[in-house]
Amino acid sequence: MEERREMAPRYAAAAIEPLIYDRWLASGAFTPSVEPPTGAEPFVIAMPPPNVTGSLHVGHALFVTLEDILTRYHRMRGDDTLWLPGVDHASIAAQFVLDKILAEEGENRASLGRDRYLERMWRFMDETRDVIGLQMRRLGASADWTRNRFTMDPMSARAVRTAFKRLHDAGLVYRGEALVNWCPRCRTTISDLEKVPVEETGTLWTIRYHLARPDGTPDPEQSISVATTRPETILGDVAVAVHPDDDRYRGLVGREAILPFLGRRLPIIADAVVDPKFGTGAVKITPAHDPDDYETGRRHGLAAISVLDEEARINAEGGAFAGLDRYEARARIVDELRAMGDLEDERPHQMVVGHCDRCGTVIEPRLSVGWFVRTQPLAERALASVREGRTRIVPDHFTKVYTHWMENIRDWAIGRQLWWGHRIPAWYCPDGHITVSDIEAGPDACATCGRPAGELTQETDIFDTWFSSGLWPFSTLGWPDDTPDMRRFYPTSVMETGYDIVFFWVARMMMLGLFCTGVEPFHTIYLHGLVRADGGVKMSKTKGNTTDPIEVIEEVGADALRFALTSGTTPGADQRLTLAKLERARNFTNKLWNAARFVLGARPDPLVASDGSPTLAERWIASRLAEATERATKQLDELEMSAYAGSIHEFAWSDYCDWFLEMAKVDLRRPDVTDGERARIWRSSASTLAGLLRLLHPVVPYVTEEIWAGLTEAAPDTTDGQPLLIRAAWPAAGGRDAAADADMAVLMTVIRGVRNLRTESGLPAGAWLPLTVVPADAAAREAIERGLGYLPALARVRPIELRQPGDDAGRPPTVASTAVATAWLGGGEASTEGDTRRASQEAHLQRGIERLQALLAGDFATRAPAELVERERARLAELEAQLRLLVGD
RNA sequence: GGGCGGUUAGCUCAGUUGGUCAGAGCACCUCGUUUACACCGAGGGGGUCGGGGGUUCGAGCCCCUCACCGCCCACCA
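All of these numbers come straight from a predicted model, not from anything done at the bench.

Asker: Run through the overall build of chain A, naming residues and quoting values.
Answerer: The helix and strand tally for chain A stands at 26 helices and 29 strands. Taking 2.2 N^0.38 as the reference for a compact globule, 889 residues should give roughly 29 Å; the C-alpha atoms of chain A span a radius of gyration of 37 Å, well beyond that estimate. Summarising its shape, the C-alpha atoms of chain A cover approximately 120 × 65 × 55 Å along the three principal directions. Taken over 889 residues, chain A has a buried fraction of 54%. Sequence separation of 24 or more characterises 78% of the internal contacts of chain A that already satisfy a separation of 6 or more. Summing over all exposed atoms, chain A offers an accessible surface of approximately 38,300 Å²; the carbon and sulfur share of this is 50%. Averaged over its 102 positive side-chain charges, chain A has a centre that lies 1 Å from the centre of its 128 negative ones.

Asker: With reference to specific residues and values, describe unusual backbone geometry.
Answerer: The linkage connecting Trp479 with the following residue, Pro480, adopts the cis geometry, with an omega of 15 degrees. Relative to the helices and strands, Pro480 is located in the loop between α11 (472-475) and α12 (484-489). With an omega of -5 degrees, the peptide bond running from Arg798 to Pro799 counts as cis. Considering the arrangement of structural elements, one finds Pro799 in strand β27 (residues 797-802). The backbone of Leu639 shows a phi angle near 60 degrees, a positive value even though the residue is not glycine. Tracing the chain through its elements places Leu639 in the loop between α17 (616-637) and α18 (641-668). Positive phi outside glycine occurs at Arg796, with the angle close to 55 degrees. On the accessibility criterion, Arg796 (33% relative accessible area) is partly exposed.

Asker: I'd love a proper account of the sheet that holds strand β22 (residues 492-498), names of residues and values included.
Answerer: Taken in spatial order, the 5 strands of this open sheet run β2-β1-β22-β23-β15, and their pairing is parallel. Both edges of this open sheet fall to β2 (80-83) and β15 (392-394), since each of them pairs with a single strand only. Averaged over all pairs of adjacent strands, the angle between their axes in this sheet comes to 15 degrees, without regard to strand direction. For strand β1 (residues 42-46) and β22, the ladder comprises 2 bridges, and the chain directions are parallel. Residue pairing for β22: Ala46 is matched across the bridge by Met495.

Asker: Which residues make up the pattern of salt bridges, and what values go with them?
Answerer: Following the criterion strictly, the structure yields 59 salt bridges and no others. Residues Asp99 and Arg109 are paired through a salt bridge, measuring 2.9 Å at the closest nitrogen-oxygen approach. Residue Asp99 is located in helix α3 (residues 91-104), and its partner Arg109 is located in helix α4 (residues 109-138); the two are separated by 10 residues in the primary sequence. In this structure Asp99 comes out as partly exposed when scored by relative accessible area, which is 23%. For Arg109, a relative accessible area of 15% gives the class buried. Sharing partners across several salt bridges, the network here consists of Arg230, Glu232, Arg326, Arg330 and Glu364.

Asker: Tell me about the protein's contact with RNA strand B, and name the residues and values.
Answerer: Looking at RNA strand B, there are 50 residues lining it, with Arg10, Phe278, Asp292, Trp653 and Arg863 nearest. A breakdown of the atoms of RNA strand B within 4 Å of the protein gives sugar and phosphate a share of 64%. A distance of 2.6 Å separates a phosphate oxygen of RNA strand B from a polar atom in the side chain of Thr570. In this structure, a sugar or linking oxygen belonging to RNA strand B sits 3.4 Å away from a side-chain N or O atom of Arg755. For the surface near RNA strand B, the leading source of residues is helix α16 (residues 579-601), giving 9 residues. Across the surface near RNA strand B, the residue classes tally to 15 nonpolar, 13 polar and 22 charged.

Asker: So what's going on with helix α21 (residues 738-760)? Residues and values would help.
Answerer: Here α21 contains 23 residues, and its C-alpha end-to-end distance of 32 Å stays within 8% of the 33 Å for a straight helix at 1.5 Å per residue. Among all positions in α21, only Ala740, Asp743, Met744, Val746, Leu747, Met748, Val750, Ile751, Gly753, Val754, Leu757 and Arg758 are buried. Gly762, located one to two residues past α21, shows a positive phi value of around 70 degrees.

Asker: Residues and numbers for the packing of α3 against α4, please.
Answerer: Any two packed helices are characterised by the angle at which their axes cross and by the distance between the axes. Orientation of α3 relative to α4, taken along the N-to-C sense of each, is 110 degrees, at an axis distance of 11 Å. When the axis of α3 is compared with that of α4, the two are roughly perpendicular. Residues Ala94, Gln95, Val97, Leu98, Asp99, Ile101 and Leu102 of α3 lie in contact with α4, whose contacting residues are Arg109, Leu112, Tyr117, Arg120, Met121, Phe124 and Met125. Across the contact of α3 with α4, the residue classes break down as 10 nonpolar, 1 polar and 3 charged.

Asker: How would you explain the packing of aromatic side chains if you had to name every residue and give the values?
Answerer: Under the criterion given, the structure shown has 23 aromatic pairs. Pairing Tyr73 with Trp730 gives two aromatic rings, centres 4.8 Å apart and planes at 85 degrees, and the pair type is edge-to-face. Separated by 657 residues along the polypeptide, Tyr73 in helix α2 (residues 58-77) and Trp730 in the loop between α20 (701-714) and α21 bring together distant segments of the chain. The pair Tyr73 / Trp730 is uniform in exposure class, with both members buried. Judged by centre distance (5.2 Å) and plane angle (80 degrees), the ring pair of Phe474 and Trp479 falls under edge-to-face. The exposure classification of Phe474 matches that of Trp479, with both residues buried.

Asker: Residues and numbers for helix α7 (residues 326-340), please.
Answerer: Here α7 is 15 residues long and its end C-alpha atoms lie 21 Å apart, about the 21 Å a rise of 1.5 Å per residue gives. Burial in α7 covers these residues: Arg326, Ala329, Arg330, Ile333, Val334 and Leu337. Viewed along the axis of α7, the buried residues span an arc of 130 degrees, placing them on a single side of the element. Structurally, α7 contributes buried residues whose contacts are with β7 (195-212), β13 (343-356) and β14 (364-373). Looking at the residues trailing α7, positive phi occurs at Gly341, about 80 degrees.

Asker: Account for the side chain of Ser567, naming residues and giving values.
Answerer: Tracing the sequence through the fold places Ser567 in the loop between α15 (558-566) and β25 (575-576). Every residue in contact with Ser567, bar those within four places of it in the chain, is listed here: Lys581, Arg584, Ser642 and Ala645.

Asker: Now, about a negative patch on the surface: what can you tell me, with residues and values included?
Answerer: A surface patch of negative charge is lined by Asp548, Glu551, Glu554 and Glu555. Tracing the backbone through its elements, the reader meets Glu551 in helix α14 (residues 549-556). With relative accessibility at 55%, the residue Glu551 sits in the exposed group.

Asker: An account of the environment of Glu346 is needed here, citing residue identities and associated values.
Answerer: Mapped onto the elements of the fold, Glu346 is located in strand β13. Placed 79 residues apart in sequence, Glu346 and Pro267 show a C-alpha to C-alpha distance of 25 Å. Not counting the four nearest positions on each side in its chain, Glu346 is found in contact with Thr203, Leu204, Trp205, Val334 and Arg338. In terms of polar contacts, Glu346 uses its side chain to reach the side chain of Arg338, at 3.1 Å.

Asker: An account of the sheet that holds strand β5 (residues 173-183) is requested, with residue identities and associated values reported.
Answerer: Taken together, the 4 strands give an open sheet; going across it, the order is β6-β5-β14-β16, and neighbouring strands pair in antiparallel fashion. Every other strand in the sheet has two partners, leaving β6 (188-190) and β16 (412-413) as the edge strands with one partner each. On top of the sheet, helix α6 (residues 291-299) reaches β5 and β14; it is set at about 140 degrees to β5, its chief contact.

Asker: Got a sec to walk through the environment of Gly171? Specific residues and values, please.
Answerer: If you trace the backbone, Gly171 turns up in the loop between α5 (154-169) and β5. On the accessibility criterion, Gly171 (30% relative accessible area) is partly exposed. Here the alpha-carbon distance between Gly171 and Phe150, two residues 21 residues apart in the chain, equals 29 Å.

Asker: How would you summarise the pairing of β1 if you had to cite specific residues and measurements?
Answerer: In terms of burial, β1 is a largely internal element, 4 of the 5 residues being buried. With respect to chirality, the unit in which β1 leads through α2 into the neighbouring parallel β2 is right-handed.

Reading the values: the criteria
Residues numbered from 1 in each chain as written. Chains lettered and ligands numbered in written order. Predicted model: local features only at pLDDT ≥ 70, side-chain atom pairs only at ≥ 80, totals over all residues. Heavy atoms only, no water. Helix = DSSP H or I, 4+ residues; strand = E, 2+ residues; numbered from the N terminus. Rg over C-alpha atoms; globule rule 2.2 N^0.38 Å. Buried < 20%, exposed > 50% of the residue type's maximum accessible area, 1.4 Å probe, protein only. Contact = heavy atoms within 4.5 Å. Areas by Shrake-Rupley, 256 points an atom, 1.4 Å probe, with all protein chains shown as cover. Lys, Arg positive; Asp, Glu negative; His and termini not counted. Charge placed at Lys NZ, Arg CZ, Asp CG, Glu CD. Pairing = 2+ DSSP bridges. Axes fitted to C-alpha atoms, helices over the stretch in contact; angles between N-to-C directions. Salt bridge = Lys/Arg side-chain N within 4 Å of Asp/Glu carboxyl O. Near = heavy atom within 4 Å. Polar contact = N/O pair within 3.5 Å; in protein donor to acceptor, adjacent residues only side chain to side chain. Nonpolar A, V, L, I, M, F, W, Y, C, P; charged D, E, K, R; others polar. Expected span 1.5 Å × (residues − 1). Parallel < 35°, antiparallel > 145°, perpendicular 65-115°, else oblique. Phe/Tyr/Trp six-rings, centres within 6.5 Å; stacked < 30°, edge-to-face > 60°. Arc of directions from axis to C-beta. Patch = residues over 30% accessible without salt bridge, like charges linked within 9 Å, V, L, I, M, F, W, Y side chains within 5 Å. Right-handed = clockwise from strand over helix to strand, strands pointing away.

Below, the structure written as structure tokens:
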């Protein structure tokens with residue numbers, strides 16, 4: 001342990017934080033004890049494992065902070081707490097990133113081959129995994145690193161195989177042909193979720209198809225025109241469809257048109273899918289390249305002809321256009337149609353085009369055979385869990401989003417034609433039988449015909465990354481085995497993640513968790529918002545407006561970043577991280593530091609036994625601490641992290657620093673104070689500080705831990721002999737002291753009134769002025785009497801004359817009046833400025849009085865609860881009294 | 001085309017079940033070198049809570065409607 005340093009006036013977060021993290025790590029505090037503490041409730045928080053594709057951004061910092069707050073809180077509560085960290089292998093994203101790196105090295109997937117490519121990927125993973133781990137630690141993540149997991153580790157691989165086999169056995173996965181989303185650049189299938197719709201202005205071309213004469217040749221006189229945004233796909237046309245009730249085309253149904261360039265005969269069919277009002281009312285049918293057409297083709301028994309290859313070039317089916325890229329082909333076809341006189345129209349057209357979420361390339365619907373999860377049965381259970389309250393979504397309004405998606409869910413294409421990921425554990429035998437196995441080495445023989453393993457070939461597709469991510473809450477704990485961790489830490493208490501991945505991840509975890517384990521994978525889904533750049537725009541690397549959390553930490557410290565990200569937010573709502581917010585948070589850590597510097601520095605030496613009874617300041621702050629503790633506990637239990645941060649900030653800054661410490665100074669410096677009393681007052685300061693540190697530790701763990709270290713030396717009895725705050729107990733709320741609260745309220749009112757009066761009257765701020773106080777009644781007088789000792793220092797007044805109620809003889813024009821007392825300062829005449837202020841104050845009072853009089857004259861007085869009416873009456877009386885004083889009767 | 005969220009002081013945002021809720025921080029104005037902190041202290045100015053209706057004794061908070069802003073979902077060629 002480093003030597004105790006002199007506390008500097010500035011808190012040097014960046015220098016201190018790493019040392020503290022090492023202390024935590026060495027203490028083993030992050031890892032749950034081998035045996036769960038007796039009687040402890042389990043608390044398990046789940047995090048979205050970051051993609052191992054690079055370093056963390058400030059959005060990751062947000063989830064680390066929120067999860068760490070809950071983890072630290074529950075650990076202090078004595079719960080059997082686990083926060084299991086890890087990373088996700090992110091197949092498509094990882095390959096996208098690695099491909100770019102390889103390109104710089106003059107290599108590519110093909111030049112390396114599968115094995116060397118994967119080798120290179122593992123090296124890349126090892127590097128980034130370390131970076132992510134270090135960043136999380138720097139943020140203060142008190143996660144259990146002994147259980148650090150990776151979605152590509154053997155434990156996860158086994159869970160993936162098992163889950164797939166069980167789904168297969170249950171008939172919930174199938175292999176089949178379908179039109180899938182294909183990214184020609186990533187060269188893989190992607191799910192509907194990975195396809196992002198982009199509004200674009202394209203072109204709507206109208207193309208004339210000549211009708212076939214009986215001999216099969218095009219009729220130059222007769223034609224039918226179709227509208228399309230994708231002329232290149234006409235090469236795959238197999239029919240032309242019109243609406244059955246469309247009189248314009250009634251006579252044509254059953255006849256045939258001739259496909260330009262290829263001469264294919266296209267039956268003209270009738271189908272209600274056609275909107276007669278759009279375009280020409282006649283639609284070209286291209287089953288292999290359009291989802292609607294695919295369905296239409298199936299209904300009419302039409303062939304599906306693929307004309308594009310995996311890189312979206314025209315294939316051999318395209319005749320003379322073969323080999324051309326889809327956009328080149330489009331231009332050529334349009335040109336030639338125009339030359340032939342068969343391009344009837346060409347106009348700009350607003351449309352939505354699907355792009356690859358990863359690389360931005362326009363997605364191509366592509367006919368292929370692959371593996372799918374039959375989602376409906378799974379979704380029904382996942383819906384019931386939320387509907388019936390076994391899993392709760394916070395904030396609540398996301399329940400609707402979740403429900404809507406689940407109710408309209410479509411089968412999930414889980415195969416990916418990539419290399420990096422879990423290979424689908426299905427084997428094919430030469431006779432076409434499929435064997436699914438959960439054994440790592442694969443099946444011994446074909447499950448259907450018994451052909452030996454040597455004759456079987458494994459599926460080359462890998463799983464969609466989200467399939468393995470979807471098993472996260474239990475694949476990380478040893479499932480499918482019935483491990484101690486499974487029994488102890490499953491299901492998860494709070495699943496904390498961003499709302500942007502509820503479908504990708506949360507929904508899949510719900511479905512797979514329920515299927516695999518039979519229970520909901522988590523009790524609560526807490527969704528946070530996105531962190532946006534200053535100005536409200538989304539952060540993105542291409543825009544260059546990302547915030548590097550480590551840079552921020554080096555500037556203001558991890559605590560400040562954590563506090564800034566936590567406070568002033570609403571669950572599920574986006575937030576902007578501004579410099580002002582970070583500075584405010586940094587100032588707060590500095591404030592704490594200095595408060596501690598004062599308390600620790602004020603320790604009487606020697607510190608004798610305490611003597612005497614607590615002062616008003618001591619009793620009041622104890623009462624306030626009790627209230628703050630109660631509130632913080634409730635807020636954290638209800639996952640209101642922002643409100644928690646705000647309320648403790650308020651308690652620390654206002655109650656403890658601005659009021660209590662200032663009053664404690666008065667008590668400590670009283671000339672007649674005994675050593676025993678001084679010791680008692682100081683111990684109150686220290687123990688309140690200890691309580692404050694405990695309450696604050698979850699959100700600003702470093703600075704509180706550092707101060708705690710000082711406290712354990714200076715006042716061991718306030719820290720339970722616990723050298724590390726991270727292991728200290730969350731405080732139990734003490735009792736309130738109603739009498740102290742009431743006295744303090746009176747005193748604060750008087751002090752604020754006098755301070756206000758000083759400024760309002762234009763009296764010098766630094767001057768000691770005589771004060772006259774006339775209490776409103778005997779009770780107020782007693783309260784003021786009890787707090788009288790604090791008045792001189794806090795209001796900078798002396799001497800003080802405390803009169804009997806009603807005795808306001810010699811009252812000058814400028815006074816401060818409140819419900820509890822009237823007071824005035826001597827030693828100065830009211831300035832001109834004071835006069836104008838008085839005028840505005842008078843108007844203000846007048847307005848308030850009129851409003852209250854109107855209120856009390858109406859139905860309010862008879863219909864509202866009596867206590868409310870009373871309260872308003874009292875307010876009116878007070879305002880009237882103040883006005884009388886102001887205008888001098 | 002549906003659905004959701006937002007619109008509160010100059011800025012960034014809090015406002016739990018309708019009744020001191022009109023708030024915080026920053027910014028602004030005045031004052032302050034009292035031995036924790038100027039990354040500070042004291043005081044102050046500033047908002048008809050997007051517009052318009054309605055329910056209620058009483059509405060940022062509930063209902064209707066309109067206007068912007070943002071997001072999500074969606075197969076119209």
